[in-house]
Amino acid sequence: MALTSHELAVRRARIARFVRPVQEFIHTEASGGIALLAAAVVALVWANSPWGDSYEHLLEHHIALDLGFWALDETLHHWINDGAMTLFFFLVGLEIKREVAVGELASLRRVVVPVAGAVGGMVIPVALFFLVAGGDAAARDGWGIAMATDIAFALGVLALLGRRIAPGLTVLLLAMAIVDDIGAILAIAIFYSESVALDALGVSAATLLGALVLQRVGIWWIPAYVALGLVGWAAAVSAGVHPTIVGVAFGVLTPWRSWYSLEGLNDLASNALRRIERSRTLIDDERRHEEQVDALMELGALSRDTVAPLDRLEHELHPFVAFGVVPLFAFANAGVEVSGGTVGDALSSALFWGIVLGLAVGKPVGIILGVWLAVRAGAALPAGVSWRALLGAGMLAGIGFTVSLLITDLAYTEVDLQTEAKLAIIAASLLAGGVGYAWLRALPNRASTPAAVAHPPAAG
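**Student:** When you look at the pairing of strand β1 (residues 62-66) in this model, what are you seeing that I'm missing?
**Tutor:** For a regular strand, side chains alternate in direction, first toward one face of the sheet and then toward the other. Two elements, β1 and strand β2 (residues 71-75), share five bridges in a ladder whose sense is antiparallel. Note on β2: the bridge partner recorded for Ala-64 is Asp-73. Between the antiparallel neighbours β1 and β2 lie four residues, among them Gly-68 with a positive phi of about 90°.

Have a look at this one:
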């Protein structure tokens, strides 16, 4: 049965409503990777300049917050890693919610391939890390460093390849990175949190319950959720749980459905538009102006309420996080003093090679192995994605910067271990990004077809 033009327009609007935010997310993350790289370079140059001491002094500057009933006195470095990065993980939570609700993780058929690839891309790097560095008791705690993928950098490299890359490969890499983030979040929550104070943890959990209750009764006033989030964050700090977990949890709880449907918007907006039309007949200029402004304000409120809170928050916060929070984090954590001595120590360190091999080698091998097993079990690669292209995406997944640096800060207190780990992360990310880009660049333009990639390559 043929659809009317109105039905087609409604269908297009529905599709655009879900596709456009993903496109904006990918675009923002890709361009944000440039800002991330620039901030990391500035930190490296500053830390190794004659003014390197001022870099350390800036990050070690203490900032105190005292509310009477709750106080926190920490360094700027700590405020960035535990405070500002909570916003980054809040956006991760939003993207997890989107992917589970309407994206690549929304159905079993679509979820199998990215989940299998991501699991393989976590298990194999960690296994390689323990194989290389597991004998060093001091270095053993850093296993989580080798399992993280940096979405901004990976998508940024893909963006440089432009139309040579099938859209399905970008979506698959994004979905795998989201699952990878879930794994990293669980690792931080379970293995990289301090001894837990149960009373404070209970307060933090209560704020999440409060947010869920507000959502159930239909109160979607964002400032109320912000207030709950701040209390939950402070309680998590007091509990000894890494507070970025609270950011993820609030992101996952954010409603993804709008207050009005598109059909409801059409009816209500028609009434407002008729009011504007009727106001044209009013003789009194002041009354006509007031009627028009009131109707336009109603239209604005209607359009705002037709956009789900998840979409609105994602759209408004992404530029701030991509071009503010994440580069600031890179600046605060990438400033490693590079000298002959530190590089020599790193190159002779099992920790260094465990991280480098885990990210640069373990990631692509694990992703290919995981996806191969899934396809052998009956799943299929996305249309236009070949095994050679998937290998290139697996190489880019070895760019582990943001979350890897955060886990480094949580895993090690010794400066020498932190330095070796950060040098390894930088080296592995440069290697994975460079080799992955060259590999994908050498592939024919979208030569793959669905028929060519429906089955895994024969064993052996």
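On we go from here.
**Student:** Honestly, the packing of helix α3 (residues 76-101) against helix α12 (residues 309-333) in this entry has me stumped. Any pointers?
**Tutor:** Each pair of packed helices can be described by the angle between their axes along with the distance between the axes. Where α3 contacts α12, the axes come no closer than 9 Å and their chain directions differ by 145°. Considering only the axes of α3 and α12, their crossing is left-handed. When grouped by side-chain class, the residues that make up the contact of α3 with α12 number 18 nonpolar, four polar and five charged.

**Student:** What is the right way to look at the layout of surface pockets in this model?
**Tutor:** To locate leftover empty space, one rolls a probe as large as a water molecule over the atoms. Estimates place the volume of the largest pocket at around 1100 Å³. His-77, Asp-409, Tyr-412, Thr-413 and Gln-418 are the residues nearest the centre of the largest pocket, which is lined by 39 residues in total. Within the residue set of the lining of the largest pocket, elements represented by two or more residues are α2 (52-59), β2, α3, α8 (222-239), α13 (340-347), α16 (402-411) and α17 (415-442). Considering each element in turn, the lining of the largest pocket owes the most residues, six residues, to α17.

**Student:** Mind showing me how you'd approach a nonpolar patch on the surface here?
**Tutor:** Together, Val-338, Val-343, Leu-347, Trp-353, Leu-357, Val-361 and Val-365 make up a nonpolar patch on the protein surface, roughly 530 Å² of accessible area in all. Within the residue set of the nonpolar patch, elements represented by two or more residues are α13 and α14 (350-376). When residues in the nonpolar patch are grouped by element, the largest group, four residues, is from α14. If you trace the backbone, Trp-353 turns up in helix α14. Given a relative accessible area of 36%, Trp-353 falls into the partly exposed group.

**Student:** Looking at this model, I keep getting lost on the packing of aromatic side chains. Mind explaining?
**Tutor:** Geometry of an aromatic ring pair is reported as the spacing of the ring centres plus the angle between the planes. The tally for this structure, following the rule as stated, stands at 11 aromatic pairs. Arranged with centres 5.9 Å apart and planes meeting at 80°, the rings of Phe-129 and Phe-130 form a pair that is edge-to-face. In this structure an aromatic cluster arises from ring pairing among Trp-46, Tyr-55 and Phe-331.

**Student:** What exactly am I supposed to notice about the confidence of the model for the protein here?
**Tutor:** Should pLDDT be low for a region, the predicted coordinates there are not to be read in detail. Confidence in the prediction of the protein, expressed as mean pLDDT, is 83, and 87% of residues score 70 or more. Ranking the elements of the protein by mean pLDDT puts helix α18 (residues 450-453) last with 42 and α14 first with 96. The model gives residues 447-460 a pLDDT under 50, and that stretch makes 23 contacts with residues more than four places away or in other chains.

**Student:** Any chance you could explain helix α9 (residues 244-253) here in plain terms?
**Tutor:** Each α-helix winds once per 3.6 residues, and so residues spaced three or four apart point in a common direction. Among the 10 residues of α9, seven are classified as buried, and the element is accordingly described as predominantly covered. Within the sequence span of α9, burial applies to Thr-244, Ile-245, Val-246, Gly-247, Val-248, Phe-250 and Gly-251.

**Student:** Would you mind going over the pattern of salt bridges with me for this structure?
**Tutor:** Pairing is possible between side chains that carry opposite charge, provided their charged atoms lie close to one another. The tally for this structure, following the rule as stated, stands at four salt bridges. Glu-95 is paired through a salt bridge with Arg-98; the nearest N and O atoms lie 4.0 Å apart. Placement of the pair is Glu-95 and Arg-98 together in helix α3, with a separation of three residues, close to one helical turn. Residue Glu-95 shares its accessibility class with Arg-98, and that shared class is buried.

**Student:** Honestly, the environment of Ala-148 in this entry has me stumped. Any pointers?
**Tutor:** Looking at where Ala-148 falls in the secondary structure, it is placed in the loop between α4 (108-133) and α5 (151-161). By relative accessible area, Ala-148 is classed as buried at 1%. Residues in contact with Ala-148, not counting those within four places in the same chain, are Asp-180, Leu-359, Lys-363, Ala-397, Ile-399, Gly-400, Val-403 and Ser-404.

**Student:** Would you take a moment to explain the side chain of Thr-419 for this structure?
**Tutor:** Structurally, the position occupied by Thr-419 is in helix α17. When sequence neighbours within four positions are dropped, the list of residues in contact with Thr-419 reads Val-336, Glu-337 and Thr-342.

**Student:** Quick question: what am I supposed to make of the packing of α12 against α16 here?
**Tutor:** Contact geometry for α12 and α16: axes closest at 10 Å, N-to-C directions at 45°. Taken together, α12 and α16 sit at an angle that is classed as oblique. For the element pair α12 and α16, the recorded crossing hand is left-handed. Of the residues in α16, those in contact with Val-326, Phe-329 and Asn-333 of α12 are Thr-402, Leu-405 and Leu-406. The residue makeup of the contact of α12 with α16, split by class, is four nonpolar, two polar and no charged.

Basis of the calculations
Residues take numbers from 1 onward in each chain, read along the sequence in its written order. pLDDT decides what is reported in this predicted model: residues at 70 or higher carry local features, side-chain atom pairs at 80 or more are listed and counted, and totals for whole chains, interfaces and linings draw on all residues regardless. Side-chain measures here rest on the full set of heavy atoms in the structure, leaving out hydrogens and waters. A pair of strands is labelled paired if DSSP reports no fewer than 2 bridges between them. Each helix is a run of DSSP H or I of at least 4 residues and each strand a run of E of at least 2, with the numbering of both proceeding from the N terminus. Here, axes are lines fitted to C-alpha atoms. For helices the fit covers the stretch in contact, and angles between N-to-C directions go from 0 to 180 degrees. Here a crossing is called left-handed whenever its near helix is offset anticlockwise from the far helix by less than a right angle, and right-handed whenever the offset is clockwise. Each residue receives one of three labels: charged for Asp, Glu, Lys and Arg, nonpolar for Ala, Val, Leu, Ile, Met, Phe, Trp, Tyr, Cys and Pro, and polar for the others, Gly being one of them. Throughout, the protein atoms alone are placed on a 1 Å grid, and a set of points is a cavity if a 1.4 Å probe fits but cannot get out or a pocket if it is open with protein on both sides within 12 Å along at least five of seven lines; lining residues have an atom within 4 Å of a point. Grid points are joined across faces, edges and corners, and a volume is the space filled by probe spheres set on the points. Candidate patch residues must exceed 30% relative accessible area and have no salt bridge, after which like charges are joined if within 9 Å and Val, Leu, Ile, Met, Phe, Trp or Tyr side chains if within 5 Å. Method for areas: the Shrake-Rupley scheme with a 1.4 Å probe, in which residue coverage is limited to the protein chains shown. Only one rule defines a salt bridge in this text: a Lys or Arg side-chain nitrogen within 4 Å of an Asp or Glu carboxyl oxygen. For each residue, the accessible area found with a 1.4 Å probe, counting protein chains only, is set against the maximum for its type, and the residue is called buried under 20%, exposed over 50%, and partly exposed in between. Stacked, edge-to-face and tilted labels apply to pairs of Phe, Tyr and Trp rings (six-membered ring for Trp) whose centres lie within 6.5 Å, assigned for plane angles under 30 degrees, over 60, and everything in between, in that order. Summary of the metric used: pLDDT quantifies the predictor's per-residue confidence within the range 0 to 100. Every residue pair with non-hydrogen atoms within 4.5 Å of one another is taken to be in contact. Should an angle lie under 35 degrees it is considered roughly parallel, over 145 roughly antiparallel, and from 65 to 115 roughly perpendicular; all remaining angles are considered oblique.

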